[in-house]
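Spelled out from the first residue to the last, the chains are:
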Amino acid sequence: MATKLLRAVILGPPGSGKGTVCQRIAQNFGLQHLSSGHFLRENIKANTEVGDMAKQYIEKGLLVPDHLITRLMLSELENRRGQHWLLDGFPRTLVQAEALDKICDLDLVITLNIPFETLKDRLSQRWIHPSSGRVYNLDFNPPHVHGIDDITGEPLIQQEDDKPEAVAARLRQYKDVAKPVIELYKSRGVLHQFSGTETNKIWPYVYTLFSNKITPTQSKEAY
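Remember, it's a predicted structure, so these values are computed and weren't measured experimentally. (Residues numbered from 1 in each chain as written. Predicted model: local features only at pLDDT ≥ 70, side-chain atom pairs only at ≥ 80, totals over all residues. Heavy atoms only, no water.)

Participant: Summarise the overall build of the chain; cite the residues concerned and give the values.
Facilitator: Along its length, the chain carries eight helices and seven strands. Computed over the C-alpha atoms, the radius of gyration of the chain is 17 Å, within 12% of the 17 Å expected from 2.2 N^0.38 for a compact globule of 223 residues. Principal-axis analysis of the C-alpha atoms gives the chain an extent of 50 × 40 × 35 Å. Out of the 223 residues in the chain, the part that is buried amounts to 43%. Residue pairs at least 24 apart in sequence account for 70% of intrachain contacts in the chain once pairs closer than 6 positions are excluded. (Helix = DSSP H or I, 4+ residues; strand = E, 2+ residues; numbered from the N terminus. Rg over C-alpha atoms; globule rule 2.2 N^0.38 Å. Buried < 20%, exposed > 50% of the residue type's maximum accessible area, 1.4 Å probe, protein only. Contact = heavy atoms within 4.5 Å.)

Here it is, written out as structure tokens:
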């Protein structure tokens, strides 16, 4: 009998360590890590119709609307029907979650609950390589040379919305938008919440949860 394909989603505010957890899940369980931010950057770079439309919002500092993100992500999922996958950054809103519902049933939704102070500290230490989306943290993942991307040697930037004064507003906005999505998945019995201040302490619990659903591709946990 063919193994059922795993359909998973990770939710968490900016700075929650979502990217790190996704990389570990992908590495340990062979899931495709599908990041909405990554696909947006690819489409903008390739000047696709969706990319050009999304760029207009991003340049004005606006969120990309539901219909555009949904169109982008559903077409990516269509190409990955035969793979186990983990969605990151989608669905962000109830409208997006309802669109995803129409094409698949999720097996697992994990949400990372990180205290506000921890998120604020992490984000203020966060620097980004704009064209690749690579993220550095000056505390636990610094670049080899301060302010310079390890791979290209290009300068890193601190995003306006990672600056302390913008962080509180971003987190409030995330909470307001994520709450109905979290409630929806809670009511379905697929939501698993993980709380803490350190990704390394949360990770063993995430690993165990996934191990119950899919056989690890590695014999032991990879960090």
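That shown, we press on.
Participant: Run through the UniProt feature "domain: Adenylate kinase active site lid" (unreviewed entry) in the chain, naming residues and quoting values.
Facilitator: The sites that UniProt annotates as "domain: Adenylate kinase active site lid" (unreviewed entry) are residues 126-161. Between the end C-alpha atoms of residues 126-161 there is a gap of 11 Å, over a span that is 0% helix and 22% strand. (UniProt positions renumbered as here; feature names shortened; annotations may be inferred.)

Participant: An account of the packing of aromatic side chains is needed here, citing residue identities and associated values.
Facilitator: According to the stated counting rule, one finds three aromatic pairs in the structure shown. Note on F29 and Y207: the rings are 5.3 Å apart at their centroids and 45 degrees apart in plane angle, and the pair reads as tilted. Of the two residues, F29 is situated in helix α1 (residues 18-29) and Y207 in helix α8 (residues 199-211); the sequence distance between them amounts to 178 residues. This pair shows no difference in class: F29 is buried, exactly as Y207 is. For the pair W203 and Y207, a centre-to-centre distance of 5.9 Å together with 65 degrees between the ring planes defines the contact as edge-to-face. Of this pair, W203 and Y207 both sit in helix α8, four residues apart, which is roughly one turn of the helix. When its relative accessible area of 0% is taken as the criterion, W203 is described as buried. Y207 gets classed as buried once you look at its relative accessible area, which sits at 10%. Grouping aromatic residues by their ring pairs yields a cluster made of F29, W203, Y207 and F210. (Phe/Tyr/Trp six-rings, centres within 6.5 Å; stacked < 30°, edge-to-face > 60°.)

Participant: Tell me about unusual backbone geometry, and please be specific about residues and values.
Facilitator: The general pattern is negative phi for most residues beyond glycine and trans for most peptide bonds. Between F90 and the following residue, P91, the backbone shows a cis peptide bond with an omega angle of 0 degrees. Even without being a glycine, N47 presents a positive backbone phi close to 55 degrees. Of the residues examined, N47 reaches a relative accessible area of 49% and is grouped as partly exposed.

Participant: Got a sec to walk through the environment of A26? Specific residues and values, please.
Facilitator: Its place among the elements puts A26 in helix α1. Residues in contact with A26, not counting those within four places in the same chain, are L31 and H33.

Participant: Hey, could you go over the sheet that holds strand β1 (residues 7-11) for me, with residue numbers and the actual values?
Facilitator: Reading across from one edge, β2-β3-β1-β4-β7 is the order of the five strands in this open sheet, with parallel pairing throughout. In the strand order of this sheet, the two ends are held by β2 (32-35) and β7 (191-195), each with one partner. Adjacent strand axes in the sheet meet at a mean angle of 20 degrees, parallel and antiparallel pairs treated alike. By the bridge criterion, four bridges tie β1 to strand β3 (residues 85-88) in an arrangement that is parallel. When the sheet's bridge partners are listed, V9 is paired in β3 with L87. (Pairing = 2+ DSSP bridges. Axes fitted to C-alpha atoms, helices over the stretch in contact; angles between N-to-C directions.)

Participant: How would you sum up the pattern of salt bridges? Please name residues and give values.
Facilitator: Using the criterion set out here, one finds nine salt bridges in the structure. Notably, a salt bridge pairs D101 with R188, separated by 2.8 Å at the nearest N-O pair. One end of the pair, D101, is in helix α5 (residues 94-101); the other, R188, is in helix α7 (residues 164-188), and 87 residues separate them in sequence. The partner of K120 in a salt bridge is E117, and the shortest N-O contact between them spans 3.6 Å. Here K120 and its partner E117 are both found in helix α6 (residues 116-124), three residues apart, which amounts to about one turn of the helix. Taking relative accessible area as the criterion, K120 reaches 27% and is therefore assigned partly exposed. (Salt bridge = Lys/Arg side-chain N within 4 Å of Asp/Glu carboxyl O.)

Participant: I'd love a proper account of the UniProt feature "binding site: a ribonucleoside 5'-triphosphate" (unreviewed entry) in the chain, names of residues and values included.
Facilitator: The UniProt feature table records "binding site: a ribonucleoside 5'-triphosphate" (unreviewed entry) at G15, S16, G17, K18, G19, T20, R126, V135, Y136 and T199. Here G19 shows up in helix α1. For G19, a relative accessible area of 34% gives the class partly exposed. With respect to the secondary-structure elements, V135 resides in strand β6 (residues 134-137). With residues up to four places along the chain from it excluded, the contact list for V135 reads R126, W127, I128 and N141.

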